Amino acid sequence: MYRRFGEVDAAGRSPLYERVAVALSESEEALRAIEAVPARRRHPTVILAALHDLALAGRAPALAAAYAAADGDAAVGAAIDTLLRMTDEVVAIAVRRTTRPDETGRCAVLYPAIAEAARRVGAQAVGLIDVGCSAGLNLQVDRVGITYSDGRTLGNPSSPVQMTASIVGDRPLPTRAMPEVVARVGVDPDPVDVTDADDIRWVRACLWPDQPERAARLDAEMALAATAPPLLLQGDAVEVLPDAFARVPAHALPVVTSTWALSRLPLESRMRFLQRLGEAAAGRPVAWVSAEGVGVAPTIPTLGDRRASGHSIIGLAVFDRSARRAEAIGRCWSRGRLLAWLAHR
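All residue numbers refer to position in the chain's written sequence, counted from 1. It should be noted that, the model being predicted, local features are given only for residues of pLDDT at least 70 and side-chain atom pairs only at 80 or more, the latter also being counted only at that level, while totals for whole chains, interfaces and linings use all residues. Only heavy atoms go into the side-chain values, all of them from the structure, while hydrogens and water stay out.

## Side note on the sheet that holds strand E3 (residues 153-155)
Phase 1: Strand order across the open sheet formed by eleven strands is E3-E2-E4-E11-E10-E9-E8-E7-E1-E5-E6, with mixed pairing between neighbours. With one partner strand each, in any of the chains shown, E3 and strand E6 (231-234) form the two edges of the open sheet. This sheet shows a mean twist of 25° between the axes of neighbouring strands, independent of strand direction.
Phase 2: Strand direction decides the pairing type here: strand E8 (residues 286-293) and strand E9 (residues 312-320), joined by eight bridges, are antiparallel. Looking at E9, one finds that Ala287 is bridged to Val318.
Phase 3: Here, two residues are considered to be in contact whenever any of their heavy atoms come within 4.5 Å of each other. Working convention: axes come from line fits to C-alpha atoms, limited for helices to the stretch in contact. Angles between N-to-C directions cover 0 to 180 degrees. For helices the rule is a DSSP run of H or I covering at least 4 residues; for strands it is a run of E covering at least 2, with both sets numbered from the N terminus onward. Strands strand E1 (125-131), strand E7 (253-259), E8, E9 and strand E10 (323-333) of the sheet are contacted by helix H12 (residues 267-280), whose axis makes an angle of about 160° with E8. The pairing criterion for strands is at least two bridges between them, as found by DSSP.

Put into C-alpha cells, the structure is as follows:
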C-alpha cells in the first residue's frame, strides 16, 4: 500500500511524499510501527498527515526542516525516526482525526448554482446549509472573489481570498449575484473549528508539504472563515438536517450544498437525505445544489455519462411542497477547477 502510494499516487505530484512513502514501505521497523495503528487507519494519507501534524506543531523539528527545505533524503530519515520515536503520538492522532485531503472551498462551482437556485424561486435571501462541511469553507461562497477564464467575475473582488476556474464549452456562465446570505450552517460528523489552533493545524497537515500554493490558499480561506465563523452542527447529515433547516429564517430560501460528500454515504442514507429535503419543503421551498460523481446524487440526471468517468455533475433540485424539479446544470472536473455550464437562462 505504501509503495503504491509513493510510486503511483504521489508520483509527479509530491516528490517528498513519493520518497517518504517508498522508504516506509522498505523499512520493517517503520511497518511494524504502522501496525500499531488500527487497520482502517493505516492508510498512507493518515500516517503521513499525522507525521506532518507533529512537524507543524514543533514536535518533530528535523522533519519540519526537511519538509521546509524540500530535502527528500533528509525527509526520509526524519520521517522514519519520528515514526519510531513517537509511535504512540502518531497512533493517537491517526485514531482521533479524519483526513481532509482537499479541504479548500468549491466556490467557483457553488456560486453560480446557488444564484440560479435563488432566481428560480424568486428568493431575496438565502440560508446556506453545507453537508460534509468540514471547516465550513463552502459557506463563505459569497465572501470570496472568483475569476473565470472567460473574464467573468463573481463574488467579492476585494476579498483576501481570490479563486480562479476555467470554463469548458461555449455556453456562458451566468453572472447573476447571489442574494443576501442570512444563515450559514455546516453539518459534519467531525467538523473543524477554524478558531481552534489544533484543528487548523490538522487541516494544514493533511496537505502535502511540498504544495505551498495550496497551503497559502487554505490558510487564507481559514483566516477569512475565522472572521465570521459559521454554525457547525456535529452528527450524521440525515439526522441533523431538520435542526439545520430550523436555523434558517422563515423569509430565506434554504439552500443545501453537497460537494463530493454523498459518495461517503450508502445508497439508503442518500435516499433518506432526499426524503429529508422533501419533508423540509412542506412549509417552504428548499433548494439543493450538488457537485457529485456521476450517478451519486439521487434524482440528478446523469446526462448519459458513465459512472467513474473522471468528471462530476453539478445538480440543482428545487423542492416546493409535493413538487420536485431536478436538473443537471453543469459538469465539472478537478474538484471544480474546470466547469461547463449547461443550464439555459
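## A look at helix H10 (residues 212-226)
At 3.6 residues per turn, the α-helix brings residues three or four places apart onto the same side.
Phase 1: To estimate the expected span of a helix, count its residues, drop one, and scale the result by 1.5 Å. With 15 residues, H10 should reach 21 Å at 1.5 Å per residue; the first-to-last C-alpha distance of 21 Å fits that figure.
Phase 2: Throughout this description, buried means an accessible area under 20% of the type-specific maximum (1.4 Å probe, protein chains only), exposed means over 50%, and partly exposed covers the range between. Buried within H10 we find Ala215, Leu218, Glu221, Met222, Leu224 and Ala225.
Phase 3: In this structure, the buried side of H10 is in contact with strand E4 (162-167) and helix H9 (197-205).

## Focus: the packing of helix H1 (residues 2-9) against helix H2 (residues 15-25)
Phase 1: Running from N to C, H1 and H2 cross one another at 155°; their axes reach a closest spacing of 7 Å. The angle between H1 and H2 places the two elements in the roughly antiparallel class. Relative to H2, the crossing made by H1 is left-handed. Here Tyr2, Arg3, Phe5, Gly6 and Glu7 of H1 lie close against H2, whose contacting residues are Tyr17, Glu18, Ala21, Val22, Leu24 and Ser25.
Phase 2: Residue type decides the class: Asp, Glu, Lys and Arg count as charged, Ala, Val, Leu, Ile, Met, Phe, Trp, Tyr, Cys and Pro as nonpolar, and the leftover types, Gly among them, as polar. Considered class by class, the residues forming the contact of H1 with H2 number six nonpolar, two polar and three charged. For classification purposes, an angle smaller than 35 degrees is called roughly parallel, one larger than 145 roughly antiparallel, one from 65 to 115 roughly perpendicular, and anything else oblique. Handedness of a crossing is defined here by the sense of rotation of the near helix relative to the far one, left-handed for an anticlockwise turn of less than a right angle and right-handed for a clockwise turn.

## A word on the packing of helix H4 (residues 44-56) against H9
Phase 1: At a minimum axis distance of 8 Å, the contact between H4 and H9 shows a crossing angle of 130°. Relative to H9, the element H4 is oriented oblique. Here H4 runs over H9; the crossing is right-handed. Of the residues in H9, those touching H4 at Val46, Ala49, Ala50, His52, Asp53 and Leu56 are Arg201, Trp202, Arg204 and Ala205.

## Considering the environment of Met178
Phase 1: As for its position among the elements, Met178 is in the loop between E4 and strand E5 (180-188).
Phase 2: Separated by 67 residues in sequence, Met178 and Tyr111 place their C-alpha atoms 7.2 Å apart.
Phase 3: Ignoring any residue separated from it by four or fewer positions in sequence, one finds Met178 in contact with Tyr111, Ile114, Ala115, Val126, Val141 and Asp142.

## Structural notes on the packing of aromatic side chains
Phase 1: Pairing of aromatic rings covers Phe, Tyr and the six-membered ring of Trp, with a centre-to-centre limit of 6.5 Å; geometry is then stacked below 30 degrees between planes, edge-to-face above 60, and tilted otherwise. Enumeration over the complete set of coordinates arrives at four aromatic pairs.
Phase 2: Each ring, one from Phe5 and one from Trp208, has its centre 5.7 Å from the other, and the planes form 70°; the classification is edge-to-face. Within this pair, whereas Phe5 is found in helix H1, its partner Trp208 is found in the loop between H9 and H10, the two being separated by 203 residues in sequence.
Phase 3: Judged by relative accessible area, Phe5 falls into the buried class, the value being 3%.
Phase 4: Here the aromatic rings of Tyr17 and Trp208 are separated by 5.8 Å at their centres, their planes lie at 55°, and the arrangement is tilted. With a gap of 191 residues between them, Tyr17 in helix H2 and Trp208 in the loop between H9 and H10 connect regions that are remote in the sequence. Like Trp208, Tyr17 is buried.
Phase 5: Feature note: the residues Phe5, Tyr17, Tyr67 and Trp208 constitute an aromatic cluster, connected by ring pairs.

## A look at the nonpolar core
Phase 1: Buried Ala, Val, Leu, Ile, Met, Phe, Trp, Tyr and Cys residues that are joined via side-chain atoms within 4.5 Å together make up what is termed a nonpolar core. Ranked by internal contacts, the top residues of the largest apolar core, which has 41 residues, are Tyr148 and Leu339.
Phase 2: Not counting chain neighbours up to four residues away, the residues in contact with Tyr148 comprise Ala108, Pro112, Leu154, Ala165, Ile167, Leu173 and Leu339.
Phase 3: The next biggest cluster of nonpolar side chains, apart from the first, holds 40 residues, and it includes Ala30, Ile47, Ala60 and Val91.

## Things to note about the pairing of E4
Phase 1: Only one face of E4 is covered, namely the face carrying Met163, Ala165 and Ile167; the face carrying Gln162, Thr164 and Ser166 is uncovered.
Phase 2: As defined by bridge partners, strand E2 (residues 145-148) adjoins E4 across four bridges and the pair is classed as parallel. Paired with Tyr148 across the bridge in E4 is Ala165.

## A closer look at H9
Phase 1: What H9 keeps buried is the set Asp199, Trp202, Val203 and Ala205. Looking down the long axis of H9, one finds its buried residues gathered within 160° of arc, a one-sided arrangement.
Phase 2: The elements touched by buried residues of H9 are H2, H4, helix H7 (87-96) and H10.
Phase 3: Polar contacts here mean pairs of N or O atoms no more than 3.5 Å apart (in protein, one a potential hydrogen donor and the other a potential acceptor; neighbouring residues in sequence count only if both atoms are side-chain atoms). For H9, the side-chain oxygen to backbone nitrogen distance between the N-cap and Asp198 is 3.0 Å, and the N-cap itself is Asp196. Comment: arc refers to directions from the helix axis out to C-beta atoms.

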